[in-house]
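Summary of the model geometry
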Amino acid sequence: MNKVTLSGILLAALTMAGCGDGAKSSNNDQAQAATENVKTDSASKKIVLFFGDSLTAGYGLDDPADAFPGVISRRVDSLKLPYKVINAGLSGETTAGGNGRIDWLLKQKVDVFVLELGANDGLRGIPVSETAKNLQSIVDKVKAKYPDAKLVLLGMQVPPNMGADYTAKFKNVFPHLAKKNNMALVPFLLQGVGGVPSLNQGDGIHPTAQGAKIVANNVWAILKDELK
Amino acid sequence: MDIQWPGVVTTPAFLYLYHKKTSVDNILNISDLSKTYQSAGRTLTVLDQINFSVAAGSTNAIVGPSGSGKTTLLGLCAGLDRSTSGTVELNGINLNKLTEDQRAQVRNQHVGFIFQNFQLLPTLTALENVMVPLELRGEKNIKARAWDLLDKVGLSERGHHYPLQLSGGEQQRVSLARAFSNAPRILFADEPTGNLDAETSDKVIKLIFDLNKEAGTTLVVVTHDLELAAKTQRIIRIKGGKLIADEKTING
Amino acid sequence: MDNTAIDFKRKINIPWLFRMAWRDSRRNRSRLFLFISAIVFGIAALVAIYSFKYNVQNDVNDQAATLIGADLSISGNKPVDDKLKHMLDSLGDDRSQERSFASMAYFPRTNGTRLVQIRALHGDFPYYGTLETTPEVAGLTFKKGRMALVDKTLMLQFNAKVGDSVKVGNLNFQIAGILNKAPGQSGVMAGIAPVVYIPMQYLEQTGLVKIGSRVNYSFYYKFNSSVNVDKIGKKIDPMLDKAGMRFETIETKKDNTGRAFGDLSRFLSLVGFVALLLGCVGVASAIHIYVKEKIASIAIMRCLGVKSSEAFLIYLIQIVGIGIIGSVTGAILGTAVQHLLPIVFKDFLPFTISVQISWMAIGQGILLGVIISILFALLPLISVRNISPLNTLRISFDESGNRRDPLRWLVYLLILVFVIAFTYLQLDSIIGSILFTLGILIAFMILTATAWLLMRITKAIVKGSWSYLWRQGFANLYRPNNQTIILIVSIGLSTMFICTLYFVQTLLVQQVNLSTSGNQSNMILFDIQSSQEKGVVQLTKQQGLPVLQQVPIVTMRIEQINGKTAADLAKDTTIKIQHGVFTWEYRVTFRDSLTSSEKLLDGKWIGKADPSKEIPVSVEENLSKRGNLKIGDKIVFNVQGVQMPAYVASIRKVNWGKVQTNFQVVFPKGILEGAPQFHVLMTHVPSNKVSAAFQQVVVRAYPNVSIIDLGLILSVVDELLSKISYVIRFMSAFSIITGIVVLIASVRISKYQRIQESVLLRTLGASRKQIFTITALEYWFLGSLSALTGILIAFAGTYFLAKYSFEIPYSVNILPALVLFLIVSLLTVVIGLLNSRGVLNKPPLEILRTNA
């Protein structure tokens with residue numbers, strides 16, 4: 001009997017582990033694109049690597065290509081910019097997980113590194129110092145391997161219910177880190193989307209395809225300068 | 001409230017037609033009566049073409065060796081069983097045409113019984129055993145009459161005893177009281193003294209004949225007690241299912 | 001001479017029939033008492049079991065109610081609009097509201113911060129169960145001021161005490177009490193973030209609920225009248241669905257809680273059914289023998305001119321009387337037992353069984369007793385019609401005539417219909433009732449056949465050369481007036497019930513215990529990075545905790561199956577692969593062996609991969625169905641950018657019920673070691689205290705590691721399960737004991753069957769020992785043979801019940817069956833001997849006079 005419950009609990013728990021939400025779908029393209037890249041490694045195009053969690057992966061979207069990296073990828077293509085966008089988002093990824101995973105991804109060359117992590121840390125109430133430390137470590141690893149890579153940091157905020165103190169500290173991690181590492185910063189990734197029910201999926205966290213377009217605009221505003 | 005068994009046809013009123021006033025002189029008419037049993041694929045003839053009549057008020061004995069069919073004959077006469085062929089007419093009623101229930105009523109109205117092993121209802125007291133036939137007929141003053149009857153058989157002291165608490169002779173006297181309780185037109189007795197010692201036997205036999213005389217009842221007794229048979233007016237002898245002799249005694 | 005006209009339409013004199021019925025019953029009251037006692041025990045068993053059943057059902061339902069704490073709960077993660085609010089306010093008789101969300105709580109005294117789940121409560125929720133707190137009153141009083149209830153583990157973790165303050169948002173709350181247990185607590189969120197209750201009136205001031213806040217809105221309802229809450233739920237569901245809300249009732253919660261509730265109710269149905277049949281056995285065997293003994297009297301009555309319908313009615317009246325007296329007495333006795341037993345065993349029972357008089361049970365018991373009495377009396381009574389008054393002259397039973405009697409079949413049919421109807425009352429399923437009844441019918445026929453065979457065989461083998469005692473003992477089995485069939489059927493059926501109940505009980509309790517956590521994992525640590533793995537394991541061991549499971553998890557997706565991709569799937573609708581197979585993010589592990597919760601269904605398990613070849617992976621059964629995967633099929637996995645060609649080497653069945661990590665896809669060792677991965681560790685913490693201490697050290701050393709403490713959730717479920725398990729054991733023990741009592745009663749009524757012969761033997765000078773031997777032999781054969789047959793039928797019955805009714809794995813233990821066999825056999829012999837004891841202690845004539 002309670003077998004069902006327990007397995008339900010466990011699944012849910014691992015789902016949580018998965019990230020603000022689920023172990024469910026994620027970005028198909030991310031890994032796929034990464035793969036293709038490894039294989040073809042088109043010499044002509046530079047690589048933009050989106051390294052992030054479910055927001056990057058496009059959790060819950062019918063087509064993971066509708067996530068904001070996908071939107072940007074199409075924009076890059078339509079502008080005929082010499083970049084290839086790789087989505088390396090993984091649902092449920094925390095900064096600690098990202099720190100463990102980054103080496104695997106840095107096997108391929110990176111020209112523009114877009115870092116989108118931290119949301120899951122925030123939702124789990126992980127100490128802000130820990131999040132900052134992990135993010136710094138990731139940046140360090142990228143810098144060490146590809147010193148010429150341009151770095152973009154996507155700023156995150158946690159919802160107000162986490163408490164003013166934590167919210168404020170968390171929010172400050174990103175400008176601080178960007179400044180310290182000389183990274184371009186998108187102040188708040190979900191600007192105009194977070195807290196707007198119509199632009200978010202039922203869970204209230206993950207943007208819809210419509211929301212992702214706005215998110216992409218937020219990112220594009222900063223990223224476009226790095227692609228020039 | 002008239003409760004009938006499912007499948008039993010409700011008695012139509014025309015059954016009254018079978019009451020033939022003319023034959024009332026003969027209380028019992030037996031004609032061409034046969035009884036056979038099917039046993040292991042073979043036909044066993046117990047009674048073969050028996051014919052006789054019994055006059056009202058007479059005393060009769062049916063005698064014969066064991067297995068001669070006399071008890072079967074008695075059963076048929078009293079409507080306790082159905083014949084294979086031939087007719088039994090009791091008090092002008094053809095028993096063959098009646099249902100089991102209707103025959104039960106004929107017995108209740110006209111017939112008294114005495115059995116070799118008394119056949120008292122073991123769960124009823126002596127008094128109640130005597131009351132049953134009266135109650136069945138829905139008569140009045142039942143208890144007083146039952147006490148009277150018990151008194152006649154000399155058991156007024158023992159009315160509240162159960163059959164098992166009575167001696168054999170006493171039981172047979174209760175059964176006599178019961179047999180006479182409905183003032184039967186005919187009394188059948190099956191080896192009434194078979195289970196009794198000589199002395200008790202004599203008492204019971206005397207009682208049977210006294211009561212018989214008093215009530216004008218016809219008596220048919222099956223016995224191999226020749227002494228008893230000799231007290232009747234007529235002896236019918238049966239052997240191997242056949243009537244071999246029918247003779248008047250000195251009483252007749 | 002007018003009296004020659006016979007009134008064939010003579011009215012039946014009803015009062016006289018009653019008088020005769022009464023008179024007939026007076027003689028030999030002790031004998032009548034014996035028969036009535038069999039009915040009493042049968043019905044007492046039934047009423048007591050039914051009463052317990054109804055009470056226990058209510059108890060468990062009440063317990064289940066504490067799972068959600070209300071009759072209906074509605075929740076969603078958005079604020080409700082006016083229209084919905086209007087609807088929500090119209091529901092129920094009592095309403096409570098709750099806002100819950102994650103937040104960081106701050107404990108000023110120890111300067112600690114932690115993610116918690118805030119529950120802001122307004123209203124009298126919980127309606128079922130209580131907020132169990134220390135001190136006890138805190139659960140009620142905290143709502144009166146700026147006070148909070150704080151989860152026990154959390155208190156321990158931050159060394160907080162009642163009276164301290166906790167800061168939630170902008171507001172400090174005084175800790176009014178420690179929260180030990182709360183209804184509706186079985187959500188996962190409680191496992192990750194411990195609960196802090198605050199009164200809702202202070203929620204606004206905390207400043208935590210603003211635009212962008214993630215808040216869960218819950219509405220709890222209590223209905224005072226007994227309305228069908230599930231129906232209401234279904235009615236409002238479309239409206240709720242539109243608003244992104246969902247509802248939960250006690251019933252839906254029970255369904256979601258899994259199968260224990262279902263198992264329990266099926267088991268109670270089974271118990272009810274068995275009680276019904278125990279009642280039948282008790283009553284039927286008594287009535288059957290009783291009426292059979294009356295045949296001679298009926299013949300005499302017929303001789304005296306009693307119509308067959310009258311004779312029939314006399315005994316019918318008597319039987320109804322006996323039935324009513326027996327059933328009412330039985331109902332009283334049953335109810336008394338039901339009331340006294342919990343008092344007597346108060347100290348042994350781990351929980352209280354409520355003892356309310358169940359009029360439903362009493363009503364059913366009496367009705368049942370009377371109906372069974374009549375039905376089973378009808379069998380011998382209908383042959384009254386065929387009893388020739390000639391029987392007074394000569395016993396000449398024409399048995400074959402009885403069998404062909406169509407009315408007899410009608411009675412059989414009536415009995416069958418009746419059993420089905422009453423079974424339906426217990427099972428609530430027509431098919432089930434028919435199948436159960438059919439099962440019993442088959443058991444009945446097997447037992448009858450066994451009896452018949454026994455008679456045939458003994459008749460054939462008993463030889464003159466045997467010693468007299470053996471010959472006599474055996475011959476008793478087949479000689480006229482034997483009790484072989486009735487005793488074998490009643491002993492056999494009783495044994496079968498007892499044995500089946502025992503087996504099923506064992507299976508179910510096993511099943512339930514499997515589900516309880518016991519020493520299983522109740523704490524999960526996840527998101528452990530590879531570099532931290534060793535440290536966490538070490539830390540766990542240092543704390544004296546077991547590492548129950550430790551697995552690496554690699555996230556990957558399926559790129560291709562046999563060359564087909566998601567894109568191909570979109571174009572070609574003939575591909576039998578579900579879309580989700582490609583979009584799902586698989587959490588995969590790698591190891592060299594199967595775990596205890598896995599079973600290989602197909603293919604070959606390969607634990608170690610050869611790096612130069614395709615990777616042999618193992619796929620879970622359901623995934624193989626969704627992906628239309630067979631052994632040897634090619635899958636290309638995308639491991640975060642790296643394509644890995646693999647093939648399906650084996651298909652596994654996974655028991656998802658265990659608290660442990662289970663996987664849809666398992667890789668062999670030697671492939672994924674270098675891939676990005678995190679680790680999950682599972683352990684068992686014995687108490688809140690240990691849990692708190694452990695969490696503290698882990699979080700200090702590895703702040704990124706998240707911990708799910710399932711202790712609280714599991715303890716709520718465990719409590720329920722242990723109650724269910726006790727209820728199952730209690731009910732089966734009780735039913736088994738009643739079964740034995742009914743068995744004793746039904747053997748006891750055979751007392752008079754052999755009395756005449758024993759007396760006769762006694763008269764002829766048989767010694768006490770000789771009569772005992774003869775009796776013992778007869779009863780031993782009856783007892784052992786019927787017990788053996790009953791147990792064998794129980795094996796089969798349990799198999800079918802396990803497979804089709806409970807759907808649990810079948811396994812039975814021989815030893816208890818053996819013990820039962822001996823008990824029943826010996827019991828039969830002992831009762832048989834007790835039955836004949838009276839014969840030996842009194843002069844023969846006295847016995848004949850009183851009992852003949």
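Structure report, in brief. Because the structure is predicted, anything quoted here is derived from the model rather than measured.

Thresholds applied
Residues numbered from 1 in each chain as written. Chains lettered and ligands numbered in written order. Predicted model: local features only at pLDDT ≥ 70, side-chain atom pairs only at ≥ 80, totals over all residues. Heavy atoms only, no water. Helix = DSSP H or I, 4+ residues; strand = E, 2+ residues; numbered from the N terminus. Buried < 20%, exposed > 50% of the residue type's maximum accessible area, 1.4 Å probe, protein only. Contact = heavy atoms within 4.5 Å. Areas by Shrake-Rupley, 256 points an atom, 1.4 Å probe, with all protein chains shown as cover. Axes fitted to C-alpha atoms, helices over the stretch in contact; angles between N-to-C directions. Parallel < 35°, antiparallel > 145°, perpendicular 65-115°, else oblique. Left-handed = near helix turned anticlockwise from the far one by under 90°. Nonpolar A, V, L, I, M, F, W, Y, C, P; charged D, E, K, R; others polar. Pairing = 2+ DSSP bridges. Core = buried A, V, L, I, M, F, W, Y, C linked by side-chain atoms within 4.5 Å. Domains from an automatic or database assignment. Patch = residues over 30% accessible without salt bridge, like charges linked within 9 Å, V, L, I, M, F, W, Y side chains within 5 Å. Salt bridge = Lys/Arg side-chain N within 4 Å of Asp/Glu carboxyl O. Lys, Arg positive; Asp, Glu negative; His and termini not counted. Charge placed at Lys NZ, Arg CZ, Asp CG, Glu CD.

With respect to the overall build of chain C
On a plain count of helices and strands, chain C comes out with 28 helices and 20 strands. Out of the 852 residues in chain C, the part that is buried amounts to 58%. Across chain C, the fraction of contacts at a sequence separation of at least 24, relative to all contacts at a separation of at least 6, is 82%. When the accessible surface of chain C is split by element, carbon and sulfur atoms take 61% of a total near 35200 Å².

Quick word on the overall build of chain B
Counting its secondary structure elements, chain B contains seven helices and 10 strands. Residues counted as buried form 56% of the 252 residues belonging to chain B. Across chain B, the fraction of contacts at a sequence separation of at least 24, relative to all contacts at a separation of at least 6, is 66%. Carbon and sulfur atoms provide 51% of the accessible area of chain B, an area that totals close to 10400 Å².

Considering helix H11 (residues 295-303) of chain C
All names here are of chain C. For H11, the buried fraction is high: eight of the nine residues fall into the buried class. Ile 295, Ser 297, Ile 298, Ala 299, Ile 300, Met 301, Arg 302 and Cys 303 are the residues of H11 that are buried. Two residues or fewer past H11, Gly 305 is found with a positive phi of approximately 100°.

What about the packing of helix H10 (residues 260-293) of chain C against helix H13 (residues 359-382) of chain C?
When two helices pack together, their arrangement is given by the angle between their axes and by how far apart the axes lie. All names here are of chain C. Where H10 contacts H13, the axes come no closer than 8 Å and their chain directions differ by 40°. Taken together, the axis directions place H10 and H13 in an arrangement best described as oblique. Classified by chirality, the crossing of H13 by H10 is right-handed. Packed against H10, whose contacting residues are Leu 276, Gly 279, Cys 280, Val 283, Ala 284, Ile 287, His 288 and Val 291, the element H13 presents Leu 368, Gly 369, Ile 372, Ser 373, Phe 376, Ala 377, Pro 380 and Leu 381 at the interface. Its residues placed into classes, the contact of H10 with H13 shows 12 nonpolar, four polar and no charged.

A look at the pairing of strand S17 (residues 642-654) of chain C
Residues and elements named next belong to chain C. Bridging between strand S14 (residues 598-603) and S17 involves five bridges; their strand directions are antiparallel. Each bridged residue has a counterpart across the sheet, and for Asp 602 the counterpart in S17 is Ile 651. Pairing geometry for strand S15 (residues 615-620) and S17, over six bridges, is parallel. Each bridged residue has a counterpart across the sheet, and for Ser 618 the counterpart in S17 is Ser 650.

Things to note about the nonpolar core
Core analysis: the largest hydrophobic core is formed by 163 residues, its most contacted members being Tyr 197, Phe 267, Phe 497 and Met 731 of chain C. When residues of this core are sorted by domain, at least three fall in each of domain 1 (11-59 + 261-514 + 719-851) and domain 2 (95-217) of chain C. Judged by nonpolar contacts, the second largest core, of 62 residues, contains Val 152, Leu 153, Phe 170 and Val 193 of chain A.

Observations regarding a negative patch on the surface
All names here are of chain B. A surface patch of like charges, here negative, comprises Asp 197, Glu 199, Asp 202 and Glu 227. Position of Asp 202 among the secondary structure elements: in helix H6 (residues 198-215). On the basis of relative accessibility, which here comes to 42%, the residue Asp 202 falls in the partly exposed class.

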